[in-house]
Structure formats: C-alpha cells, structure tokens
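Each chain is listed here by its residues.
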Amino acid sequence: MRNLVGLFAGIAAVCAFFSSCASTKVLETSSADISGDWILSSLEYDADLYDGYDAAADFIADLENSGKTTGISFSADKTTEDVFVVYGFSGVNSYNGTVSFNGGSLLENPPAATLVSGAPKAERFERVFLQMLAKVETASVSSDDSTLTMADTDGANVMVFKRFELADTSWGLSAYNTGNAVVSLPTQVDIPTLVFGDAGNLSGSTGVNRMTGSFSSDSKTRALSFGPLGTTRMAPASPQLGELEAAYLELLGKAVSYRISGSSLTLCDADGKSLLVFYMM
C-alpha cells in the first residue's frame, strides 16, 4: 500500500462530529493515481470503536439494492502530479478536500461542505464513514484498476471501493440548460432517458422518439463522446415537446464529459458547463 497524505483538508462534515479537525501529521509518501469516481462496496472496522455500530454492510447493501443511487462515493481529480482534489457523497452530505502524495499536513485549508440532516440510519452510517475516512493513511489501486482500497496505518479500518463505470446504467432527465440557466424539466412531459449499454451501445428516449447510438467514456478523466444518434420519426404532441426534444439532442451533441453526485449524473461541455442533469432510474 502507498501512503496517502493530506486526506480531507478539514472536511466540514467531519468537524460537525468532532471537536477539532486540526492535525500536523506528516507522512513519507509515493504517488498513486486515484483519479476518477469510486463507489464504496465494503467496510471493515471494529464496531466497538464506533459505539457498537455494526450495520454498515446492511446500509451499503440497501443502497445497492435500491437501484436508485450510485451509492457512497469518493471522487478524485488530479491537479498536479501528486495532488488530488477529492469529493463525494457520504450518505446524507457531500464532502470535499485535498489528498497529497508529496508530504505535508494531514489536514489543511478546510473547504466548504454541506451540513444537512437526513434519515437516522443514513446519518448514523455517515458518522462512521467520515470518521474512518479521516483516519485513512494508506491507499492502493488493484492491478486491473477496478478497485481502490484505503485503510489506516494498523489496518483496523479498511474501505474498499469499486470504480464507477457508465456502462449498464440508466438515467432520466431532471434538468437541462436553456442557454441562460439550468432549469428543471417541465411538468407533465414524457421524461427523456439515457441508457448506457455494456458494449458501448446507447439507447433511450427524447421524450418524443426512441433514440439509439453509441458512446465511449474514460472512467479516470470522465471524458465522454457519443457516436451518431438516430431517432424514430414520431411528431411531437405539442410545440413544447418538440422544443424540448430539439434542445435535448443539441445538448447531447455538445457533451464531452460527465460527473456524478449521489443519485445524479451531469453531462458537461468543453468549458465544464452543465448541460443536462439526470437521476438514476
């Protein structure tokens, strides 16, 4: 395992559960590429260290079985050779911080983070997850680049994540960019959908017509491209539906990257501007 330094530059959500987020610990490090999105698949920990809480596995399984969320996530964007901006969803709140593989303080420059309440089970899990995350000092990526394992120094707390892939996911449109702002989908319309197949096949609906095509994506950089899209030739039932269909297809054509957060997928243009926002179906 490689040492992981600078994890969670003072996550505000962690601060909510502890009296202090300060640390001056310095580790000798070597770089590891943790770029991309990772979804938590398992936790190993001593329940006695967390007030007897032993329901983490059940909570993770319930999220996965719901099929309506990507799950507990950890995302990393490389800023320099050894430094990553990291962020994710912890069950109720979003969090963010900095990971450094070139030495330095364990916690530095606390960033903004959400601090909202949620269901009691989700809040209880989140407390444990964020406590474990704050203790992480080592990380390794599997040889096939599909699994990220993070742990504290003595291995008492271990988190295993699987790499998020767009393949085999289905999404419904919830908001789109009108040119002036990203607005929610109008009510009482058939929802445009996007279905990423397991072999680069793309299907879905414009809200008026069925759609087929192809896609390619890079799970590390989140680059995304679509092949030519074909649709059926049904006429829209109203001018509003026709305008929405045209906007949807135009925005898909501009998408070059994506990002995930909880149960949402956002497609972005070359400038990083949000084009289309989907919820997991």
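Below: a short report on this structure.

1. Quick notes on the overall build of the chain
No. 1: The helix and strand tally for the chain stands at 4 helices and 18 strands.
No. 2: Going through the 281 residues of the chain one by one, you find that 46% of them count as buried.
No. 3: Put simply, 60% of the contacts in the chain that link residues at least 6 apart link residues at least 24 apart.
No. 4: When the accessible surface of the chain is summed, it comes to about 13100 Å², and 50% of that surface belongs to carbon and sulfur atoms.

2. So, the packing of helix H2 (residues 56-66) against helix H3 (residues 120-135)
No. 1: As a packed pair, H2 and H3 sit with axes 10 Å apart at the nearest point and diverge in direction by 120 degrees. The orientation of H2 with respect to H3, classified from their angle, is oblique. Judged by the sense of rotation from one axis to the other, the crossing of H2 with H3 is left-handed. In contact with Ala56, Phe59 and Ile60 of H2, H3 contributes Lys121, Ala122 and Phe125.

3. Quick word on the pattern of salt bridges
No. 1: Applying the stated criterion across every chain, the model contains 7 salt bridges.
No. 2: Note that Arg222 and Asp37 form a salt bridge whose closest N and O atoms lie 2.9 Å from each other. Separated by 185 residues along the polypeptide, Arg222 in the loop between strand E13 (210-217) and strand E14 (224-226) and Asp37 in strand E2 (residues 36-44) bring together distant segments of the chain.
No. 3: Arg222 sits in the buried class, given a relative accessible area of 6%.

4. Focus on the nonpolar core
No. 1: Phe74, Phe125, Phe129 and Met159 are the most contacted members of the largest nonpolar core, which totals 34 residues.
No. 2: Listing elements by their share of this core, those giving two or more residues are E2, H2, strand E3 (73-80), strand E4 (83-89), strand E5 (94-100), H3, strand E7 (147-151) and strand E8 (158-163).
No. 3: Of the residues forming this core, the biggest block, 7 residues, is contributed by H3.
No. 4: If we ignore the near neighbours within four places in the chain, the residues touching Phe125 are Leu40, Leu43, Tyr53, Ala56, Phe59, Ile60, Ile72 and Ser90.

5. Thoughts on the packing of aromatic side chains
No. 1: Tallied over the full model, the rule gives 7 aromatic pairs.
No. 2: A centroid spacing of 6.1 Å and a plane angle of 10 degrees characterise the contact between Phe125 and Phe129, whose relative ring orientation is stacked. With Phe125 and Phe129 both in helix H3, this residue pair falls 4 residues apart, about one helical turn.
No. 3: Overall, the relative accessible area of 0% leaves Phe125 in the buried class.
No. 4: Summarising the aromatic geometry, the rings of Phe196 and Phe215 are spaced 4.8 Å apart at their centres and angled 80 degrees between planes, so their arrangement reads as edge-to-face. Within this pair, whereas Phe196 is found in strand E11 (residues 193-196), its partner Phe215 is found in strand E13, the two being separated by 19 residues in sequence.
No. 5: What makes Phe196 buried here is its relative accessible area of 1%.
No. 6: Since its relative accessible area comes to 11%, Phe215 is described here as buried.
No. 7: By way of ring pairs, the aromatic residues Phe59, Tyr95, Phe125 and Phe129 are connected into one cluster.

6. Looking at H2
No. 1: Regarding H2, the residues found buried are Ala56, Phe59 and Ile60. Seen end-on, H2 carries its buried residues on one side only, within an arc spanning 95 degrees. Exposed residues on H2 whose side chains face more than 90 degrees from its buried face are Ala57, Asp58, Asp62 and Asn65.
No. 2: Turning to H2, the residues buried within the fold contact E2 and H3.
No. 3: Just downstream of H2 lies Gly67, where phi reads positive at about 65 degrees.

7. Things to note about the environment of Ser146
No. 1: Among the structural elements, Ser146 can be located in the loop between strand E6 (138-141) and E7.
No. 2: Classification of Ser146 by relative accessible area gives partly exposed; the value is 29%.
No. 3: Measuring from C-alpha to C-alpha, the distance between Ser146 and Arg163 comes to 5.2 Å, with 17 residues separating the pair along the chain.
No. 4: At 2.7 Å, the side chain of Ser146 and the side chain of Asp144 are in polar contact.

8. Details of unusual backbone geometry
Glycine aside, a negative phi is what most residues show, and trans is what most peptide bonds show.
No. 1: With a phi angle near 65 degrees, Asp168 is a residue other than glycine that sits in the positive phi range.
No. 2: Relative to the elements of secondary structure, Asp168 occurs in the loop between E8 and strand E9 (169-177).
No. 3: A relative accessible area of 60% means that Asp168 is categorised as exposed.
No. 4: Notably, Arg222 is not glycine yet its phi reads approximately 65 degrees, a positive angle.

Calculation criteria
- Residues numbered from 1 in each chain as written.
- Predicted model: local features only at pLDDT ≥ 70, side-chain atom pairs only at ≥ 80, totals over all residues.
- Heavy atoms only, no water.
- Helix = DSSP H or I, 4+ residues; strand = E, 2+ residues; numbered from the N terminus.
- Buried < 20%, exposed > 50% of the residue type's maximum accessible area, 1.4 Å probe, protein only.
- Contact = heavy atoms within 4.5 Å.
- Areas by Shrake-Rupley, 256 points an atom, 1.4 Å probe, with all protein chains shown as cover.
- Axes fitted to C-alpha atoms, helices over the stretch in contact; angles between N-to-C directions.
- Parallel < 35°, antiparallel > 145°, perpendicular 65-115°, else oblique.
- Left-handed = near helix turned anticlockwise from the far one by under 90°.
- Salt bridge = Lys/Arg side-chain N within 4 Å of Asp/Glu carboxyl O.
- Core = buried A, V, L, I, M, F, W, Y, C linked by side-chain atoms within 4.5 Å.
- Phe/Tyr/Trp six-rings, centres within 6.5 Å; stacked < 30°, edge-to-face > 60°.
- Arc of directions from axis to C-beta.
- Polar contact = N/O pair within 3.5 Å; in protein donor to acceptor, adjacent residues only side chain to side chain.

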